[in-house]
Amino acid sequence: MSSLPIISAALAAALLVVPAAGAEIRDKPKAVLELFTSQGCSSCPPADAKLMELQKRGDVITLAYHVDYWDYIGWTDTFGAKANTDRQKSYAQSWGSSMIYTPELVVNGLKGVVGSRDTEVSGALDGATLVLPVALSVDDKMLSISVGPQSGGSNAAVWLVTFKDHQSVAIDRGENAGQTMDYTQIVTSRQMLGMWDPTSGTHLKLPLSEIMAGGANGAVILVQTDKDGLPGPILGAASVQL
């Protein structure tokens, strides 16, 4: 008797990840987890490992943004980008702060916690929810995106974030010198596709060949509010991995 709820919960989580035409689609997440990390940061490996663990859950979408502000200590992050640092700074600014750090895990665009601290991560996930469904499908080498209408919806943009699901890196210098690290959900690009129309919804089609370029083998669609040009809460999300 006591094992039935556990089995049911496991089945429910499995149903959140749906294979479609050779692609894995995750379209019912409770949270988007954005980790700001660096290969040159000695505090980051536990958070990188935690992100890998979280990605195995069916109810979250994870992304790793490698920043570039640790490069000065002797190792240039092979995935680092100024655009990732700028996104982290924008989050801090939107929360009225000037401080950024690694490893920072941002949950649904609402708050940041230390990505290696289990209690902080678990606390941020408790009660987390995304209010706007985002549907994806893959057919004829096209990715179809459908974001439905919602009464009283906020002004929000539809973003495409591409990622590489895994890569190992041998680090020769810096705080993690001599280690070979495994990284997951590595952001390779980010671009705005347009605005979400809360009255009629937004529907788009994109060629997979263009999305999965530059080494990417996955993509996340984010619908995120805007606060005077700064990132606000994430309303909805879905991911696809080939």
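Relevant structure appears above.
Just so we're clear, the structure is a prediction, and the values are computed from it rather than from any experiment. (Residues numbered from 1 in each chain as written. Predicted model: local features only at pLDDT ≥ 70, side-chain atom pairs only at ≥ 80, totals over all residues. Heavy atoms only, no water.)

A. Region of interest: the packing of aromatic side chains. Applying the stated criterion to the full structure yields five aromatic pairs. Between Phe 79 and Tyr 183, the aromatic rings sit 6.0 Å apart at their centres with planes inclined by 80°, giving edge-to-face as the arrangement. Within this pair, whereas Phe 79 is found in the loop between β4 (60-66) and α3 (82-94), its partner Tyr 183 is found in strand β10 (residues 180-196), the two being separated by 104 residues in sequence. For the pair formed by Phe 79 and Tyr 183, the shared burial category is buried. Between Tyr 91 and Trp 95, the aromatic rings sit 5.4 Å apart at their centres with planes inclined by 20°, giving stacked as the arrangement. For Tyr 91, a relative accessible area of 0% puts it in the buried group. In this structure, Arg 190 is placed above the aromatic ring of Trp 159, and the distance from its NZ or CZ to the ring centre is 3.8 Å. (Phe/Tyr/Trp six-rings, centres within 6.5 Å; stacked < 30°, edge-to-face > 60°. Helix = DSSP H or I, 4+ residues; strand = E, 2+ residues; numbered from the N terminus. Buried < 20%, exposed > 50% of the residue type's maximum accessible area, 1.4 Å probe, protein only. Lys NZ or Arg CZ within 6 Å of the ring centre and 35° of its normal.)

B. Representation of the pattern of salt bridges within the structure. According to the stated counting rule, one finds eight salt bridges in the structure shown. When the shortest N-O distance is used, the salt bridge between Glu 53 and Lys 50 registers 3.7 Å. Here Lys 50 and Glu 53 lie together in helix α2 (residues 45-55), a separation of three residues that amounts to about one turn. Using a relative accessible area of 48% as the deciding quantity, one classes Glu 53 as partly exposed. In this structure Lys 50 comes out as buried when scored by relative accessible area, which is 11%. (Salt bridge = Lys/Arg side-chain N within 4 Å of Asp/Glu carboxyl O.)

C. Region of interest: the nonpolar core. In terms of nonpolar packing, the biggest core is built from 23 residues, with Leu 136, Leu 143, Trp 196, Ile 211, Val 223 and Val 240 touching the most fellow members. Every element with two or more residues in this core is listed here: β2 (23-26), β7 (134-139), β8 (142-147), β9 (156-170), α5 (208-211), β12 (218-227) and β13 (230-241). In this structure, Val 240 is in contact with Ala 23, Glu 24, Ile 25, Leu 136, Val 138, Leu 143, Phe 163, Met 212, Asn 217, Gly 218 and Ala 219, ignoring residues within four places of it in sequence. Core analysis: the second largest hydrophobic core is formed by 18 residues, Tyr 91, Val 161, Phe 163 and Val 220 among them. (Core = buried A, V, L, I, M, F, W, Y, C linked by side-chain atoms within 4.5 Å. Contact = heavy atoms within 4.5 Å.)

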